[in-house]
Amino acid sequence: LPLTKQSQWIQLDLVDLAAGSDLDLTPAPGRVRYLHVTEGRIDVDGAELGAGDAISVDTDGGLAIEVREAAKGLLFDLPEGPVAITGTDLQDRRAA
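If you're wondering where the values come from, they're calculated on a predicted model, not measured in any experiment.

Visitor: Explain the overall build of the chain here, please?
Guide: Summing up its helical and strand segments, the chain has zero helices and eight strands in all. For the chain, the N- to C-terminal ordering of α and β elements is β-β-β-β-β-β-β-β. By residue count, 30% of the 96 residues in the chain fall in the buried class. Sequence separation of 24 or more characterises 62% of the internal contacts of the chain that already satisfy a separation of 6 or more. Looking at the chain as shown, the accessible area adds up to about 6,200 Å², and 50% of this sits on carbon and sulfur atoms.

Structure, rendered in structure tokens:
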């Protein structure tokens, strides 16, 4: 497979969230955050997310996120723009 050099700064964190805690995912300007839940349950504006579910948050933020039961996940911090995330594959789809 051909390799494409990515000239972007991304951060990937493993998160361990305690039940009953609130979470603010609002990213810095020009960034977007993407949370992929791997264990447990969280509520996002009243919608329940469980293992395998994900949410992305842009700089508008404003989401009420509550951890319903102890949860774990992967938190991606990415540059704003059309970035596709499929499993662990990150691919920038911006026009060259």
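Let us keep going from here.
Visitor: Help me understand the confidence of the model for the chain, please; the structure alone is not making it clear to me.
Guide: Do not read the predicted coordinates in detail wherever pLDDT is low. Here the chain averages 77 in pLDDT, while 75% of its residues score no lower than 70. Per-element averaging of pLDDT across the chain places strand S8 (residues 89–92) at the bottom with 40 and strand S3 (residues 31–44) at the top with 91. In the model, residues 84–96 has pLDDT below 50 throughout and makes 21 contacts with residues more than four positions away in sequence or in other chains.

Visitor: I would appreciate a short explanation of the side chain of Asp43 in the present structure.
Guide: Mapped onto the fold, Asp43 is located in strand S3. Leave out the neighbours within four places in its chain, and Asp43 touches Glu48, Ala64, Ile65, Glu66 and Arg68.

Visitor: Would you explain the side chain of Arg31 in this entry?
Guide: Within the secondary structure, Arg31 is located in strand S3. A polar contact is formed between the side chain of Arg31 and the side chain of Asp77, at a distance of 2.7 Å. Setting aside residues up to four positions removed in sequence, Arg31 forms contacts with Trp9, Ile10, Asp58, Thr59, Asp77, Leu78, Pro79 and Glu80.

Visitor: Even after reading the chapter, I still don't get the nonpolar core, so can you show me in this structure?
Guide: The nonpolar side chains of a soluble globular protein tend to be buried, and buried together. Counting 14 residues, the largest nonpolar core has Leu25, Leu35, Ile42, Val44 and Leu49 as the members making the most contacts within it. Going through the elements one at a time, strand S1 (11–17), S3, strand S5 (54–57) and strand S6 (65–79) are the ones with two or more residues in this core. Those residues in contact with Leu25 that lie beyond four places of it in its chain are Arg33, Leu35, Val57, Ile65 and Leu75.

Visitor: Teacher, can you tell me more about the environment of Ser21 here?
Guide: Among the structural elements, Ser21 can be located in the loop between S1 and strand S2 (22–23). Once the C-alpha coordinates of Ser21 and Ile42 are considered, the two residues, 21 residues apart in sequence, prove to be 9.6 Å apart. Ignoring any residue separated from it by four or fewer positions in sequence, one finds Ser21 in contact with Ile65, Glu66 and Val67. Polar side-chain contacts of Ser21 include one of 2.6 Å to the backbone oxygen of Ala18.

Definitions and cut-offs
Residues numbered from 1 in each chain as written. Predicted model: local features only at pLDDT ≥ 70, side-chain atom pairs only at ≥ 80, totals over all residues. Heavy atoms only, no water. Helix = DSSP H or I, 4+ residues; strand = E, 2+ residues; numbered from the N terminus. Buried < 20%, exposed > 50% of the residue type's maximum accessible area, 1.4 Å probe, protein only. Contact = heavy atoms within 4.5 Å. Areas by Shrake-Rupley, 256 points an atom, 1.4 Å probe, with all protein chains shown as cover. pLDDT = per-residue confidence, 0-100. Polar contact = N/O pair within 3.5 Å; in protein donor to acceptor, adjacent residues only side chain to side chain. Core = buried A, V, L, I, M, F, W, Y, C linked by side-chain atoms within 4.5 Å.

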